[in-house]
Amino acid sequence: MEKARPLWANSLQFVFACISYAVGLGNVWRFPYLCQMYGGGSFLVPYIIMLIVEGMPLLYLELAVGQRMRQGSIGAWRTISPYLSGVGVASVVVSFFLSMYYNVINAWAFWYLFHSFQDPLPWSVCPLNGNHTGYDEECEKASSTQYFWYRKTLNISPSLQENGGVQWEPALCLLLAWLVVYLCILRGTESTGKIEQLANPKAWINAATQIFFSLGLGFGSLIAFASYNEPSNNCQKHAIIVSLINSFTSIFASIVTFSIYGFKATFNYENCLKKVSLLLTNTFDLEDGFLTASNLEQVKGYLASAYPSKYSEMFPQIKNCSLESELDTAVQGTGLAFIVYTEAIKNMEVSQLWSVLYFFMLLMLGIGSMLGNTAAILTPLTDSKIISSHLPKEAISGLVCLVNCAIGMVFTMEAGNYWFDIFNDYAATLSLLLIVLVETIAVCYVYGLRRFESDLKAMTGRAVSWYWKVMWAGVSPLLIVSLFVFYLSDYILTGTLKYQAWDASQGQLVTKDYPAYALAVIGLLVASSTMCIPLAALGTFVQRRLKRGDADPVA
Amino acid sequence: MVAFSMRKVPNREATEISHVLLCNVTQRVSFWFVVTDPSKNHTLPAVEVQSAIRMNKNRINNAFFLNDQTLEFLKIPSTLAPPMDPSVPIWIIIFGVIFCIIIVAIALLILSGIWQRRRKNKEPSEVDDAEDKCENMITIENGIPSDPLDMKGGHINDAFMTEDERLTPL
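What you are looking at is a predicted structure, and each value in this text was computed from that prediction instead of being measured. (Residues numbered from 1 in each chain as written. Chains lettered and ligands numbered in written order. Predicted model: local features only at pLDDT ≥ 70, side-chain atom pairs only at ≥ 80, totals over all residues. Heavy atoms only, no water.)

K.L.:
Tell me about the overall build of chain B, and please be specific about residues and values.
P.N.:
Secondary structure assignment for chain B yields five helices and two strands. Starting at the N terminus and walking to the C terminus, you meet the elements of chain B as α-β-β-α-α-α-α. Contacts in chain B between residues far apart in sequence, at least 24 positions, make up 33% of those at least 6 positions apart. (Helix = DSSP H or I, 4+ residues; strand = E, 2+ residues; numbered from the N terminus. Contact = heavy atoms within 4.5 Å.)

K.L.:
Lay out the overall build of chain A with the relevant residues and their values.
P.N.:
When you go through chain A residue by residue, the secondary structure sums to 25 helices and two strands. In terms of overall size, chain A behaves like a compact globule, its C-alpha atoms giving a radius of gyration of 27 Å where 555 residues would be expected to give roughly 24 Å. Across its three principal directions, the C-alpha atoms of chain A cover 105 × 50 × 45 Å. Taken over 555 residues, chain A has a buried fraction of 53%. For chain A, the accessible area works out to roughly 23900 Å², and carbon and sulfur atoms hold 64% of it. Positive and negative charge centroids in chain A, built from 33 and 37 side chains respectively, lie 14 Å apart. (Rg over C-alpha atoms; globule rule 2.2 N^0.38 Å. Buried < 20%, exposed > 50% of the residue type's maximum accessible area, 1.4 Å probe, protein only. Areas by Shrake-Rupley, 256 points an atom, 1.4 Å probe, with all protein chains shown as cover. Lys, Arg positive; Asp, Glu negative; His and termini not counted. Charge placed at Lys NZ, Arg CZ, Asp CG, Glu CD.)

K.L.:
Just give me the short version of the confidence of the model for chain B, but keep the residues and values in it.
P.N.:
Residue and element names in this part refer to chain B. Residues at a pLDDT of 70 or more form 57% of chain B, whose mean pLDDT is 70. At the level of individual helices and strands, chain B shows its lowest average pLDDT in helix α4 (residues 129–141), which scores 46, and its highest in helix α3 (residues 90–122), which scores 89. Note on residues 134–146: pLDDT under 50 across the span, and nine contacts to partners over four residues away in sequence or across chains. This prediction of the complex comes with two scores: 0.76 for pTM and 0.75 for ipTM. (pLDDT = per-residue confidence, 0-100.)

K.L.:
So what's going on with the confidence of the model for chain A? Which residues, and what values?
P.N.:
Residue and element names in this part refer to chain A. Chain-level statistics for chain A give a pLDDT mean of 84 and a share of 95% at 70 or above. Confidence scores differ between elements of chain A, with helix α18 (residues 385–390) showing the lowest mean pLDDT of 78 and helix α9 (residues 168–185) the highest of 92. Taken together, the stretch residues 191–199 has pLDDT below 50 and engages in 33 contacts with residues farther than four places along the chain or on a different chain.

K.L.:
Can you explain the UniProt feature "transmembrane region" (unreviewed entry) in chain B? Please cite residues and give values.
P.N.:
As recorded in UniProt, the feature "transmembrane region" (unreviewed entry) lies at residues 90–115 of chain B. Helix and strand shares over residues 90–115 of chain B are 100% and 0% respectively, and the end C-alpha atoms of the span are 38 Å apart. (UniProt positions renumbered as here; feature names shortened; annotations may be inferred.)

K.L.:
Hey, could you go over the interface of chain A and chain B for me, with residue numbers and the actual values?
P.N.:
Counting from both sides, the interface comprises 30 residues of chain A and, opposite them, 28 residues of chain B. In this assembly, chain A packs against chain B so that about 2800 Å² is buried in total across both faces, 76% of it on carbon and sulfur atoms. Applying the counting rule to chain A against chain B returns one salt bridge. Inspection of the chain A/chain B interface yields one residue pair in polar contact (both at pLDDT 80 or more). Of all the secondary-structure elements, those providing two or more residues to the side of chain A that touches chain B are α6 (85–114) and α9 of chain A. Here the side of chain A that touches chain B takes 10 residues from α9(A), the largest share from any one element. For the side of chain A that touches chain B, the per-class residue count stands at 19 nonpolar, seven polar and four charged. (Buried area = accessible area lost by both parts, 1.4 Å probe. Salt bridge = Lys/Arg side-chain N within 4 Å of Asp/Glu carboxyl O. Polar contact = N/O pair within 3.5 Å; in protein donor to acceptor, adjacent residues only side chain to side chain. Nonpolar A, V, L, I, M, F, W, Y, C, P; charged D, E, K, R; others polar.)

K.L.:
Run through helix α24 (residues 516–530) of chain A, naming residues and quoting values.
P.N.:
All names here are of chain A. Counted at 1.5 Å a residue, the expected span for α24 with its 15 residues is 21 Å, and the 21 Å between its end C-alpha atoms agrees. Every buried residue of α24 is accounted for by Ala518, Ile522, Leu525, Val526, Ser529 and Thr530. One face of α24 carries all of its buried residues, which in axial projection span an arc of 115 degrees. For α24, exposure combined with an orientation more than 90 degrees from the buried face picks out Ala516 and Leu524. (Expected span 1.5 Å × (residues − 1). Arc of directions from axis to C-beta.)

K.L.:
Any details on the packing of α9(A) against α3(B)? Residues and values, ideally.
P.N.:
Two elements in contact, α9(A) and α3(B), have axes whose closest approach is 10 Å; the angle formed by their N-to-C orientations is 30 degrees. When the interaxial angle is binned, α9(A) and α3(B) end up roughly parallel. Here the hand of the crossing between α9(A) and α3(B) comes out left-handed. Packed against α9(A), whose contacting residues are A:Trp168, A:Glu169, A:Leu172, A:Cys173, A:Leu175, A:Leu176, A:Leu179, A:Val180, A:Tyr182 and A:Leu183, the element α3(B) presents B:Trp91, B:Ile92, B:Phe95, B:Ile98, B:Phe99, B:Ile102, B:Ile103, B:Ala105, B:Ile106, B:Leu109 and B:Ile110 at the interface. Looking at the contact of α9(A) with α3(B), its residues break down into 20 nonpolar, no polar and one charged. (Axes fitted to C-alpha atoms, helices over the stretch in contact; angles between N-to-C directions. Parallel < 35°, antiparallel > 145°, perpendicular 65-115°, else oblique. Left-handed = near helix turned anticlockwise from the far one by under 90°.)

K.L.:
Give a description of the nonpolar core that names residues and reports values.
P.N.:
Generally speaking, nonpolar side chains in soluble globular proteins are found buried as a group. All names here are of chain A. Among the nonpolar cores identified, the biggest contains 167 residues, and Tyr60, Leu63, Ile422, Phe452, Trp472 and Tyr514 are the most heavily contacted of them. Here this core gets 19 residues from one element, more than from any other, and that element is α6. When sequence neighbours within four positions are dropped, the list of residues in contact with leucine 63 reads Phe14, Cys18, Leu222, Ala226, Cys235 and Ala239. Counting 14 residues, the second largest nonpolar core, distinct from the first, contains Cys272, Val299, Tyr311 and Ile318. (Core = buried A, V, L, I, M, F, W, Y, C linked by side-chain atoms within 4.5 Å.)

K.L.:
Which residues make up the pattern of salt bridges, and what are the values?
P.N.:
Residue and element names in this part refer to chain A. Scanning the entire structure with this criterion turns up six salt bridges over all chains. Between lysine 300 and glutamate 297 there is a salt bridge, with the nearest N and O atoms lying 3.7 Å from each other. With lysine 300 and glutamate 297 both in helix α13 (residues 296–306) and three residues apart, the pair spans about one turn of that helix. Since its relative accessible area comes to 55%, glutamate 297 is described here as exposed. Here glutamate 453 makes a salt bridge to lysine 469, at a shortest N to O gap of 2.8 Å. Of this pair, glutamate 453 sits in helix α22 (residues 449–460) while lysine 469 sits in helix α23 (residues 466–493), placing them 16 residues apart in sequence.

K.L.:
Can you break down the environment of B:Leu21 residue by residue, with the values?
P.N.:
Residues and elements named next belong to chain B. When you line up the elements, leucine 21 lands in strand β1 (residues 20–23). Along the sequence, leucine 21 and isoleucine 110 sit 89 residues apart, while their C-alpha atoms lie 81 Å from each other. The contact partners of leucine 21, leaving out residues within four places of it in the chain, are Trp32, Phe33, Val34 and Thr36.

K.L.:
Quick rundown of a nonpolar patch on the surface? Include the residues and the values.
P.N.:
Residue and element names in this part refer to chain A. Where nonpolar side chains cluster on the molecular surface, the patch consists of Met531, Leu535, Leu538, Phe541, Val542 and Leu546 and spans about 590 Å² of accessible area. Relative to the elements of secondary structure, leucine 535 occurs in helix α25 (residues 532–554). In this structure leucine 535 comes out as exposed when scored by relative accessible area, which is 55%. (Patch = residues over 30% accessible without salt bridge, like charges linked within 9 Å, V, L, I, M, F, W, Y side chains within 5 Å.)

K.L.:
Now, about the pairing of strand β2 (residues 32–35) of chain B: what can you tell me, with residues and values included?
P.N.:
Residue and element names in this part refer to chain B. Burial of β2 is one-sided: the residues Phe33 and Val35 facing one way are buried, the residues Trp32 and Val34 facing the other way are not. Inspection of the sheet shows β1 paired to β2 by four bridges, in the antiparallel sense. Across the sheet, residue leucine 21 finds its bridge partner in β2, namely valine 34. (Pairing = 2+ DSSP bridges.)

K.L.:
Can you explain the state of the cysteines? Please cite residues and give values.
P.N.:
All names here are of chain A. Overall, the coordinates contain two disulfides over all chains when judged by the stated rule. A sulfur-sulfur separation of 1.9 Å characterises the disulfide bridge that pairs cysteine 272 with cysteine 321. Between cysteine 272 and cysteine 321 the disulfide shows an S-S torsion of about -85 degrees. By sign, it is left-handed. Highlighted residues: cysteine 272 in helix α12 (residues 235–284) and cysteine 321 in the loop between α14 (308–314) and α15 (323–327), separated in sequence by 49 residues. Per residue, the accessibility class of cysteine 272 equals that of cysteine 321, and both read buried. Each bonded cysteine in chain A gets a number by its place in the sequence, and the pairs come out as 1-2, 3-4. There is no disulfide at cysteine 444, and the cysteine sulfur nearest it, in cysteine 235, is 15 Å away. (Disulfide = S-S within 2.5 Å.)

K.L.:
With reference to specific residues and values, describe α3(B).
P.N.:
Taking 1.5 Å per residue as the helical rise, α3(B) with its 33 residues ought to reach 48 Å, and the 49 Å between its terminal C-alpha atoms agrees with that figure. Looking at the buried residues of α3(B), the elements they touch are α6, α9 and α19 (393–408) of chain A.

Given below as structure tokens:
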């Protein structure tokens, strides 16, 4: 007999919650970048294969575990085997790290959203320098959108070591972002589903990684969501639906992103041509309108031969305008979302409207994923009797949000973006691979694949097809192991880790080495989540030994 | 226009058009000019002329229907118009509005949660606790949730109260 567990009002709400969690910013800024890097449309081949072979089986597994055990990640894995409660703890730790830094993105989206209600958009013009004779130097060297991002939004310091203080503007936006998340999770996870919103071996590895992280496996969020399901829920169907929608959203987002790239590239190319034409017209006193895009090269050649000295004098100032080089700028991550997109938006008609819509969309995606993350943390906490007997649900949620918000203030400092990159690159990657590997092995070999299969059949009333069994027991673990080995060897081979720092004097990014304490933090991030698994197993072992030691004298 | 600008400078009110000398006039409407002292002894220093032109550039532009991009005085950097800077940044206003809405919504949700819990705590004190717990557990045990008997709203039939005595704790 169990205490009445809150349920989703209907299965549609559950599906929407999963979709809103899985469809996140990665679909918008990571997938289009990968497509561009690995051959455009042909990237879809490894992506779809990995989706079918790795994404769907693992998603189904997580949902089934949650629905069967009807508890959050810690309780679910403890039920499967007491030695494996560490897997649940590791999931919670990783989710905790993720929620710490992920909400900063929402804070930036709020910042840009609030600044979109001005004419002209603040990132479309450079501010003036001291005596109003020209534009600010840093803005001239970089572009106005880069300046707005690096200087006005982040106020970034030249390196990781120079910490600077907490900036009050992003800190306020972060506070607001956490208040919004708290508002949504206040009443518990059931209320979060209401909003809908998803050759080369490197290509395959990146496809596998993208599917993996895009679906949000291993964080415990999917287990948490599924634990609120009716036992008879058809989670197989839902697993397929969620993963398909997630992939379609990625593909749709790339179509949009590529058209934005094209627009921006064309605009910049035409601007470049105009500047060169003006420069030539002024220097050689040519007729206005004589130079066009088509005859530019011819005229340049003629001028070079007719006035060689004059031409060679001004030659350094002529830029070589090329549409291909504009299109080649592939960017991912915050650079894509906040620099490239804003640059494209500022050139559109009615740019305020597009800007507001775009950042609103980013917010929806970001907050949806945040709700899944916080569910992963809150569900085990509210399940645990010790904590939930002392504090009401609202207080637990409030405490989690407060702690995360306070720690998140680190990312609003001047060097905050560098710490953000550290968390983004290292907090979740290796640990998640390990967690999902242990999960798959635990369900198939520790709990027993036959036992799990009969449980599912009893619960949902449908038999588990052979395809899923083959994937769970064989193919997916092998894939994860190979991914894991690849990443580990990659980290070892590249030696010291480097990061990109913004150089204000040059107006561009430069590569620098991480200092020792940053490397220590990275090591700590990875270790703290992965070590949970063996430590918890050891703890349970010791506990059992002690109990057996006490019981022996009696027997 | 140049003479007009020079006239705006103190001490130079008497500058006339004849004091401005042109040279090197080209077909493409560009020329060099100097401004001479009224006594026609010497030319005025460039710095003075430059600052005078700078102050009146807007009027010169408007007279010719040109702007800073189309009419350029070499070595006179144009004064750029600063972007509009309202006293209170707009984003703070919008932030304030959204912030207040969210705070109000959170407060409402928390308060309604507290009221609901208080109401729930008041009712069970009238009904027997063991009976209630048994009732709640039975409804979930089959996996099919069914509505528990609504003992809160209806009248308690004394004839059935004797059932309590049968449920002796083990």
